[in-house]
Amino acid sequence: MELVVNGKQHQLEGGNTLASLLQQLAVTEGRFAVEVNGEIVPKSQHHDYVLRDNDAVEIVRAIGGG
Amino acid sequence: MTMCCGTMTPSKSCALLAVVEPSRASNYSIRATNHPVPILQKNLIMNAMQDQALRIAGVDYQSRLIIGSGKYKSFEENLAALEASGAEMITVAIRRVNLGQNPDEPNLLDVISPESYTILPNTAGCYTAEDAVRTCRLARELLDGHKLVKLEVLGDQKTLYPNVTETVVAAEQLVADGFDVMVYTSDDPLIAKRLEEIGCVAVMPLGAPIGSGLGIRNPYNIRLILENASVPIIVDAGVGTASDASIAMELGCHGVLMNTAIAEAKQPVLMASAMKKAVESGREAFLAGRMPRRLYASASSPLDGTIS
C-alpha cells in the first residue's frame with residue numbers, strides 16, 4: 001500500500017496496520033506520537049488501526065527547542 | 001515542584017535562608033563576629049525571605065526560571081545547564097522523527113526525564129492556529145496526556161514576532177480542548193488581557209525578539225501588562241544576559257523563560273547558574289521594594305556631630 005509518511009511516499013508491505021508500519025520503520029522505542037490524516041491515533045490503538053492507500057501519517061518526537 | 005503548597009518549603013528555600021545557617025554564613029557580614037544571630041534578627045530575616053511559589057495550572061514551582069532545550073551542543077550540556085539553573089520546567093519542540101536513521105539514536109526525553117522535570121512542549125515553527133493546535137495534540141499524546149503547553153504562533157520569519165490573531169484563535173481552541181496554555185505573545189497589554197480572559201494559565205510577553213538577546217525593550221508595557229494581570233506573567237524571549245533577567249523580575253514579572261541566552265553563552269552551564277541568581281535577586285529586589293530615584297544626592301551618614 002502507498003502511504004505518505006512524514007511528507008514522503010512510503011510503500012508498506014507485509015501488514016496493513018499502523019503497528020506494522022511502525023515496526024517496518026523501526027519506530028518502536030521511546031516516546032513518539034502518531035497522527036493519520038490529521039487525527040491522533042493513541043498508542044493503545046496502534047495494533048488495531050488499519051491503514052488505507054494514500055493515508056498521510058505523521059510520526060513525531062520531542063527535540064530541543066525554546 | 002510540589003502540588004498546591006502555599007509557600008516555599010524549608011528545603012527548597014535554603015539558598016535564600018543561608019544567612020541564618022551557621023555552616024554557610026561565613027560570607028555574610030552579620031556573622032562576621034561569630035556571635036550567634038539573635039532570635040529577633042533571625043525572625044526578621046526569615047520573614048523577609050518568605051515568598052510564594054510560582055503556581056501554574058495548580059502546580060507550585062520554587063524556581064521562577066524556565067529554560068529551553070534548543071541550540072545546546074549536546075543533551076548532556078543541556079542537562080548540566082538545567083541543573084545549574086535550578087529550573088523545574090523545560091521547553092521542548094515537537095518535530096517529525098527522522099525515518100531511516102539509527103533507531104537507537106538518543107532521545108532528548110531519555111536524558112531530560114519527564115519524571116524529574118515538567119516538560120513544556122512548544123508550538124515553535126507554527127504559523128497558523130491549525131498547525132499549533134495539531135502540534136499540541138501530538139505533544140499531549142507524546143507525553144501521556146500531559147496538558148501543559150507553550151503556545152506560540154509566529155507571524156514573520158525575520159522577527160519571529162507572534163501572530164496575535166492566530167494566537168488568540170489557537171488559545172480559544174486549546175483551552176476548550178482542556179489544555180493548560182502558557183501563551184507567548186507580544187507586549188501588548190490588551191492582547192495579554194484577552195489571552196488571560198480566554199483562560200490561558202500564564203501569559204508570556206516577549207522582552208525582545210526570540211534569540212535577539214536585546215533585553216527588555218519596553219519595560220513600561222510589561223508594567224502595564226502586570227498591572228492588569230491575575231495569571232502569572234512570564235517574560236519569554238529577549239533576555240541576553242543576567243541583568244536582563246533581573247530587570248524582568250524587578251518589574252514584578254512572575255518568571256522568566258529563556259533559551260538562547262544560556263545555550264549561546266560561551267559557557268552555558270555558568271550562564272545558567274548566573275541566570276538562577278539573577279532571577280532570584282530580581283525577585284527579592286521586587287519584593288523588597290526599591291528606593292525612589294532622586295535627581296540629587298541624599299547623604300547616607302547623618303550630618304549632626306561632624307567635626308568642624
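Refer to the preceding data block for the structure.
Keep in mind that this is a model prediction, so the values were computed, not measured. (Residues numbered from 1 in each chain as written. Chains lettered and ligands numbered in written order. Predicted model: local features only at pLDDT ≥ 70, side-chain atom pairs only at ≥ 80, totals over all residues. Heavy atoms only, no water.)

J.: Any chance you could explain the overall build of chain A here in plain terms?
T.: Check the secondary structure of chain A and you find 1 helix and 5 strands. Written out in order from the N terminus, the α and β elements of chain A read β-β-α-β-β-β. The C-alpha radius of gyration of chain A comes to 12 Å, within 12% of the 11 Å expected for a compact globule of 66 residues. If one aligns the C-alpha atoms of chain A with their principal axes, the spans along those axes are about 40 × 25 × 20 Å. Expressed as a percentage of the 66 residues in chain A, the buried residues total 44%. (Helix = DSSP H or I, 4+ residues; strand = E, 2+ residues; numbered from the N terminus. Rg over C-alpha atoms; globule rule 2.2 N^0.38 Å. Buried < 20%, exposed > 50% of the residue type's maximum accessible area, 1.4 Å probe, protein only.)

J.: Which parts of the structure should I look at to understand the overall build of chain B?
T.: A count of helices and strands for chain B gives 11 helices and 11 strands. When burial is assessed residue by residue, chain B has 47% of its 308 residues classed as buried. Across chain B, contacts joining residues at least 24 apart in sequence account for 66% of those joining residues at least 6 apart. (Contact = heavy atoms within 4.5 Å.)

J.: For this particular structure, what's the right way to read the pairing of strand E1 (residues 2-5) of chain A?
T.: Looking down a regular strand, the side chains alternate between one sheet face and the other. Residues and elements named next belong to chain A. Only one face of E1 is buried: it carries Leu-3 and Val-5, and the other face, with Glu-2 and Val-4, is open. Pairing of E1 with strand E2 (residues 8-11) involves 4 bridges; the strand directions are antiparallel. The residue of E2 that forms the bridge with Leu-3 is His-10. If you look at the hairpin formed by E1 and E2, you'll find 2 residues sitting between the two strands, and Asn-6 has a positive phi there, around 50°. Note that E1 and strand E5 (residues 56-64) share 2 bridges and pair parallel. Bridge pairing in E5 links Val-5 to Val-57. (Pairing = 2+ DSSP bridges.)

J.: So what exactly am I meant to see when it comes to the interface of chain A and chain B here?
T.: By a widespread convention, an interface's size corresponds to the accessible area lost as its parts come together. Contact with chain A, which involves 25 residues of that partner, is made by 30 residues of chain B. Summed over both sides, the interface of chain A with chain B buries roughly 2500 Å², with 55% coming from carbon and sulfur. Ranking the residues of chain A by area buried against chain B places Arg31(A), Arg61(A) and Gly66(A) at the top, with a combined share of 31%. Where chain A meets chain B, there are 6 salt bridges. In this structure, Glu58(A) engages Arg96(B) in a salt bridge whose closest nitrogen and oxygen atoms are separated by 2.7 Å. (Buried area = accessible area lost by both parts, 1.4 Å probe. Salt bridge = Lys/Arg side-chain N within 4 Å of Asp/Glu carboxyl O.)

J.: Any chance you could explain the nonpolar core here in plain terms?
T.: Nonpolar side chains tend toward joint burial in soluble globular proteins. Of all hydrophobic cores here, the largest spans 66 residues; its most connected members are Ile67(B), Leu151(B), Val181(B), Leu195(B), Met258(B), Ile262(B) and Met275(B). With 16 residues, the next largest nonpolar core counts Leu3(A), Leu25(A), Phe32(A) and Val36(A) among its residues. (Core = buried A, V, L, I, M, F, W, Y, C linked by side-chain atoms within 4.5 Å.)

J.: Mind showing me how you'd approach the packing of helix H5 (residues 129-142) of chain B against helix H6 (residues 164-176) of chain B here?
T.: The description of two packed helices rests on the angle between their axes and on the distance between the axes. Residues and elements named next belong to chain B. One can describe the packing of H5 onto H6 by two numbers: an axis separation of 8 Å at closest approach and a directional angle of 35°. Relative to H6, the crossing made by H5 is right-handed. Seen from H5, the contacting residues are Ala-129, Ala-132, Val-133 and Cys-136; seen from H6, they are Glu-166, Val-169, Ala-170, Gln-173 and Leu-174. Here the residues of the contact of H5 with H6 sort into 7 nonpolar, 1 polar and 1 charged. (Axes fitted to C-alpha atoms, helices over the stretch in contact; angles between N-to-C directions. Left-handed = near helix turned anticlockwise from the far one by under 90°. Nonpolar A, V, L, I, M, F, W, Y, C, P; charged D, E, K, R; others polar.)

J.: In this structure, what is going on with the packing of aromatic side chains? I would like to understand it.
T.: Given two aromatic rings, one states the distance between the centres and the angle between the planes to describe the pair. The tally for this structure, following the rule as stated, stands at 0 aromatic pairs over all chains. Sitting over the face of the ring of Tyr184(B), Lys150(B) holds its NZ or CZ atom 5.7 Å from the ring centroid. (Phe/Tyr/Trp six-rings, centres within 6.5 Å; stacked < 30°, edge-to-face > 60°. Lys NZ or Arg CZ within 6 Å of the ring centre and 35° of its normal.)

J.: Where do I start with the pattern of salt bridges in this structure?
T.: Any two side chains of opposite charge can pair, on the condition that their charged atoms come close. Applying the stated criterion to the full structure yields 18 salt bridges over all chains. In this structure, the salt-bridge partner of Asp51(B) is Arg283(B), at a minimum N-O distance of 3.0 Å. With Asp51(B) in the loop between helix H2 (39-49) and strand E2 (54-56) and Arg283(B) in helix H11 (residues 268-288), this residue pair connects regions lying 232 residues apart in the sequence. Of the two residues, Asp51(B) and Arg283(B), neither departs from the other in class, the shared state being buried. In this structure, Lys73(B) engages Glu77(B) in a salt bridge whose closest nitrogen and oxygen atoms are separated by 3.7 Å. The class for Lys73(B) is exposed, based on a relative accessible area of 67%. A relative accessible area of 16% places Glu77(B) in the buried class. A cluster of three or more residues bridged by salt bridges with shared partners is formed by Arg31(A), Lys43(A), Glu115(B), Glu141(B) and Asp144(B).

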